[in-house]
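These are the residues of each chain, in order.
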Amino acid sequence: MKSIISILSIVLTVSLVQAQQISLREISSNIKFNQQIDEFNNGKEKIKYADIQGIPYYYSKFIDAKVGETSGTIPIRYNIFLDTVEVSEKGTVYELPKDEPTPSFTFTTTKEKLVFVRTNDLYSGHFFELNSGKYRILKKVVAKYTAATPAPNSMIAGTPAQFSTQKPMYFIQFENSFIKIPKNAKELAAEIPHKAKEIKEFMDKNKIKLNREEDLIKLGNFLNQ
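The structure reproduced in this document is the subject of the present report. A quick note: this is a predicted structure, and the numbers were derived from the prediction, not measured. Position numbers for residues count from 1 along each chain, tracking the sequence in the order it is written. Totals for whole chains, interfaces and linings use every residue, but because this is a predicted model, local features are given only for residues with pLDDT of at least 70 and side-chain atom pairs only at 80 or more, for both listing and counting. Neither water nor hydrogens contribute to the side-chain values; these are computed over all heavy atoms in the structure.

A few points about the pairing of strand β13 (residues 169–174)
Here is the key point about a regular strand: its side chains alternate between the two faces of the sheet.
Reasoning step 1: Buried means the residue's accessible area, taken with a 1.4 Å probe over protein chains only, is under 20% of the maximum for its type, while exposed means over 50%, and partly exposed covers the values in between. Counting from the N terminus, the helices are the DSSP runs of H or I reaching at least four residues and the strands are the DSSP runs of E reaching at least two. Within β13, five of the six residues are buried, leaving the element largely enclosed by the surrounding structure.
Reasoning step 2: Pairing between strands is defined by DSSP: at least two bridges between the two strands are required. When strand β10 (residues 136–140) meets β13, the two strands line up antiparallel, connected through five bridges. Pairing of Leu 138 across the sheet is with Phe 171, part of β13.
Reasoning step 3: One ladder, built from four bridges, connects β13 with strand β14 (residues 177–180); its direction is antiparallel. Pairing of Gln 173 across the sheet is with Phe 178, part of β14.
Reasoning step 4: Where β13 hands over to β14, the hairpin turn is made up of two residues, of which Glu 175 adopts a positive phi near 45°.

Quick word on the environment of Asn 221
Reasoning step 1: With respect to the secondary-structure elements, Asn 221 resides in helix α5 (residues 213–223).
Reasoning step 2: What makes Asn 221 partly exposed here is its relative accessible area of 44%.
Reasoning step 3: Asn 221 sits 88 residues away from Gly 133 along the chain, and the two C-alpha atoms are 8.8 Å apart.
Reasoning step 4: We call two N or O atoms a polar contact when they sit within 3.5 Å, provided that within protein one can donate a hydrogen and the other can accept it, with sequence-adjacent residues counted only if both atoms are side-chain atoms. Of note is the side chain of Asn 221, whose polar atom sits 2.8 Å from the side chain of Asn 131.

Some thoughts on the sheet that holds β14
Reasoning step 1: Pairing within the open sheet is antiparallel, and its 10 strands lie in the order β6-β5-β4-β3-β7-β8-β9-β10-β13-β14. Because the sheet does not close on itself, it has two edges, and the strands there are β6 (92–95) and β14. Averaged over all adjacent pairs, the angle separating strand axes in this sheet is 40°, with direction ignored.
Reasoning step 2: Here four bridges tie strand β8 (residues 113–117) to strand β9 (residues 125–131), and the two strands are oriented antiparallel to one another. What counts as an axis is a line fitted to C-alpha atoms, over the stretch in contact for a helix, and the angles between N-to-C directions run from 0 to 180 degrees.

Thoughts on the packing of helix α4 (residues 196–206) against α5
Reasoning step 1: Orientation of α4 relative to α5, taken along the N-to-C sense of each, is 140°, at an axis distance of 11 Å. Accordingly, the angle class assigned to the pair α4 and α5 is oblique. The interaxial crossing formed by α4 with α5 has right-handed handedness. Taking contact as the criterion, the partners of Glu 198, Ile 199 and Phe 202 in α4 are, on α5, Lys 218, Leu 219, Phe 222 and Leu 223. Just so you know how the angles are binned, under 35 degrees is roughly parallel, over 145 roughly antiparallel, 65 to 115 roughly perpendicular, and the rest oblique. When the near helix sits turned anticlockwise from the far one by under a right angle, the crossing is termed left-handed; a clockwise turn instead gives a right-handed crossing. Residue contacts are defined here by distance: any two heavy atoms, one from each residue, within 4.5 Å place the two residues in contact.

Everything listed here is a matter of coordinates, which is why it stays silent on function.
Given below as structure tokens:
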């Protein structure tokens, strides 16, 4: 039986070979176990995750996920602070190359689909795909790191370093456009002028709220009809 990493290397090669000539050996060499997977550089010092309150992960544990459109599954963990995907095999953790296209990963328990989207801006990287199709609804989840602050005096305690998961950001990708979903229907319609009337009518009729994920899924289904 092929190892998880060997299978993933083949899937990555198939995914990337049309975009650039890259061999299985090159892909495999990029999937390296990071000996410092539990720490990161913060300026001049290295900080261990164990010394920080909160977690930098979407889920704290590795969860089985389907790779691309294959039937195979592998245990993965999504680091929402670094925007990287980690793979576990036989107790060893591998980090997939950052900022490189990877196959999609669909968590088997929640059916959440993690995809890589190159947007050529600060949001480029991994998203959760809420709707596929011509109008693609995407969710970005990030963790913020806040450094520790020392106690100003003996009467006031300092605050520990911490990770905090931020409110999700939502986007629509269509044709050659990639837009962050605004707060109201008027602004959204202005971003998609060729469907402005339909969007306004649908949102008014169905009382769609752009900060509710279930409503965004409904909107995506409507746009893709």
